[in-house]
Amino acid sequence: AQSVSQHNHHVILSEAASLELGCNYSYGGTVNLFWYVQYPGQHLQLLLKYFSGDPLVKGIKGFEAEFIKSKFSFNLRKPSVQWSDTAEYFCAVSPNTGNQFYFGTGTSLTVIP
Amino acid sequence: EPEVTQTPSHQVTQMGQEVILRCVPISNHLYFYWYRQILGQKVEFLVSFYNNEISEKSEIFDDQFSVERPDGSNFTLKIRSTKLEDSAMYFCASSEDLWAGANVLTFGAGSRLTVL
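Here the structure is a predicted model, which means the values were calculated and not measured.

What counts and how
Residues numbered from 1 in each chain as written. Chains lettered and ligands numbered in written order. Predicted model: local features only at pLDDT ≥ 70, side-chain atom pairs only at ≥ 80, totals over all residues. Heavy atoms only, no water. Helix = DSSP H or I, 4+ residues; strand = E, 2+ residues; numbered from the N terminus. Rg over C-alpha atoms; globule rule 2.2 N^0.38 Å. Buried < 20%, exposed > 50% of the residue type's maximum accessible area, 1.4 Å probe, protein only. Contact = heavy atoms within 4.5 Å. Areas by Shrake-Rupley, 256 points an atom, 1.4 Å probe, with all protein chains shown as cover. Lys, Arg positive; Asp, Glu negative; His and termini not counted. Charge placed at Lys NZ, Arg CZ, Asp CG, Glu CD. Salt bridge = Lys/Arg side-chain N within 4 Å of Asp/Glu carboxyl O. Nonpolar A, V, L, I, M, F, W, Y, C, P; charged D, E, K, R; others polar.

Scanning chain B from terminus to terminus reveals zero helices and eleven strands. For 116 residues, the compact-globule estimate of 2.2 N^0.38 gives 13 Å, and chain B sits close to it at 14 Å. Seen along its three principal axes, the alpha-carbon backbone of chain B occupies a region of about 40 × 30 × 30 Å. Out of the 116 residues in chain B, the part that is buried amounts to 47%. Here the analysis covers contacts within chain B between residues at least 6 apart in sequence; of these, 54% occur between residues at least 24 apart. Carbon and sulfur atoms provide 47% of the accessible area of chain B, an area that totals close to 5,800 Å². In chain B, the 9 positive side-chain charges and the 15 negative ones have mean positions that sit 6 Å from each other.

Given below as structure tokens:
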């Protein structure tokens, strides 16, 4: 069965620190990959997505993610976090054959000013 | 920017009661979804809906659950007889039917269900 693993459950960083959140998935076929963010009290919003092409994708607010096919990974990065990045981050995978989406458990990021 | 709207934002109900959660997807979207997130756990797929019928459902989506698109805009999730373990945040989402593999989910803010 398809699964998405996010290994970091809760991350606490100081402002200006660098961020990397891990995401691994298990699926044998071609996938589309997503990171969603949920700011406190708000809905899930798309941060960035990968469908094909350059495996390094850039999203909003300075976030980027790299798809490494051999490692089944799609880690999220940001070189310098801000207090406003405090949120829950969800990795999601969608097989290229349909409209199904599978989510990870989420990583809670707290940025200390 | 178009958004998915959900009501109510929070509902408290007694075990055994029926609950209906409502969603208004983005108007030109064709695929509709319900997901849920039990506190501290992952976002779980419940059901997807396309062309006025269920296209896919998970093992969570048993006979106690049903979905409906009663008019041209609303998409509802009904839980017939709620259980304690149904307490969760329920997210509605919609996506365009561009082509398989290019869809992006747009989520609503969620409806928090608390079953006592």
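In this section: the overall build of chain A. Tallying secondary structure elements over chain A gives zero helices and twelve strands in all. Counting from the amino terminus, helix and strand elements in chain A follow one another as β-β-β-β-β-β-β-β-β-β-β-β. Here the C-alpha radius of gyration of chain A, 13 Å, is about what a compact globule of 113 residues would show, namely 13 Å. Expressed as a percentage of the 113 residues in chain A, the buried residues total 46%. For chain A, long-range pairs separated by at least 24 residues make up 54% of all intrachain contacts whose partners lie at least 6 apart in sequence. Treating the 7 positive side-chain charges of chain A as one cloud and the 7 negative ones as another, the clouds have centres 6 Å apart.

Here we take up the pattern of salt bridges. Residue and element names in this part refer to chain A. Summed over the entire model, instances satisfying the criterion amount to five salt bridges over all chains. Across the pair E64 and R77 runs a salt bridge whose closest N-O atoms are separated by 3.5 Å. Here the residue E64 occupies a position in strand β8 (residues 64-68), and R77 occupies one in strand β9 (residues 73-78), the gap between them amounting to 13 residues. On the accessibility criterion, E64 (18% relative accessible area) is buried. Overall, R77 belongs to the partly exposed group, its relative accessible area being 22%. Measuring nitrogen to oxygen at the nearest pair gives 3.3 Å for the salt bridge that ties R77 to E66. Taken as a pair, R77 in strand β9 and E66 in strand β8 lie far apart in primary sequence, eleven residues in all. The partly exposed category is assigned to E66, whose relative accessible area is 27%. One connected set of salt bridges, linked through shared partners, spans K58, E64, E66 and R77.

Glancing now at the interface of chain A and chain B. On the side of chain B, 19 residues touch chain A, which itself brings 19 residues to the contact. Scanning the region where chain A abuts chain B turns up zero salt bridges. Mapped onto the side of chain A that touches chain B, the elements with two or more residues apiece are β5 (31-38) and β6 (45-50) of chain A. The greatest single-element share of the side of chain A that touches chain B, amounting to four residues, is contributed by β5(A). Here the residues of the side of chain A that touches chain B are counted per class, giving eight nonpolar, ten polar and one charged.

Residues and elements named next belong to chain B. Residue placement: D86 occurs in the loop between β8 (75-79) and β9 (88-95). R36 provides the closest opposite charge to the buried, salt-bridge-free D86, at an N-O distance of 4.1 Å. Those residues in contact with D86 that lie beyond four places of it in its chain are R36, F65, I79, S81, L113 and V115.

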